[in-house]
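# Topology and contacts: notes
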Amino acid sequence: AIFESTDPVRSATVNSGDDDGEGSGGVLVRDFPRESTVVVVDPPRKGCSEEFLEQLYEFAPQRVVYMSCDPATQARDAKGLVGNGYEIVSSQPFDLFPQTRHIESLVVFEKKRGDGE
């Protein structure tokens, strides 16, 4: 998994007993096969941080499933994903809070064929 916060990584490393002193737990993001990896993103209302998005673009998973409680920040982040070789294959809003202005939005991105392959 890719974590923005180092706390879950540190916790998993300590609990696994596989601490190499760097906090990686011996498993690095590059150990996962990009062509068959899906990254699920459910950021806070402010959307993804630039640091996280840069890591995501570098890792370049085949699919990104992005759930958001703020379609405006999701659209901002989607622009970056599309600009980095992804296409939107599905989009579905969910009205989980009837009679309010709040919705959840799920967008699935796929890496375009020929990009990085």
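Residues numbered from 1 in each chain as written. Predicted model: local features only at pLDDT ≥ 70, side-chain atom pairs only at ≥ 80, totals over all residues. Heavy atoms only, no water.

### Regarding the pattern of salt bridges
This is how it is decided: Here, a salt bridge means any Lys or Arg side-chain nitrogen found within 4 Å of an Asp or Glu carboxyl oxygen. Secondary structure elements are taken from DSSP: a helix is a run of H or I of four residues or more, a strand is a run of E of two residues or more, and numbering for both begins at the N terminus. Per-residue accessibility, obtained with a 1.4 Å probe over protein chains only, is compared with the maximum for each type, and a residue is labelled buried under 20%, exposed over 50%, and partly exposed between these values.
Under the defined criterion, the tally for this structure stands at two salt bridges. Close ionic contact of Arg63 with Glu110 constitutes a salt bridge, the shortest N to O distance being 2.4 Å. Placement of Arg63 in strand S2 (residues 63–68) and of Glu110 in strand S4 (residues 104–111) is noted, with a sequence separation of 47 residues between them. For Glu110, a relative accessible area of 14% gives the class buried. Residues Asp77 and Arg76 are paired through a salt bridge, measuring 3.0 Å at the closest nitrogen-oxygen approach. In this structure Arg76 comes out as partly exposed when scored by relative accessible area, which is 42%.

### Brief notes about the pairing of S4
As a reminder, the rule being used: We treat two strands as partners when DSSP finds at least two bridges between them.
Along S4, seven of the eight residues are buried, which leaves the element largely enclosed by surrounding structure. Here S2 pairs with S4 via six bridges, running antiparallel. Counted as the bridge partner of Val64 is Phe109 from S4. Alignment of strand S3 (residues 86–94) against S4, held across eight bridges, turns out to be antiparallel. By the bridge assignment for S4, Glu87 is matched with Glu110.

### Some thoughts on unusual backbone geometry
Note: most peptide bonds trans; most residues except glycine with negative phi. One non-glycine residue with positive phi stands out, namely Ala60, at about 55°. Relative to the elements of secondary structure, Ala60 occurs in the loop between helix H2 (50–59) and S2. Here Gln99, not a glycine, exhibits a phi torsion of approximately 65°, which is positive. With respect to the helices and strands, Gln99 occurs in the loop between S3 and S4.

By themselves, these observations are geometric and do not establish any function.
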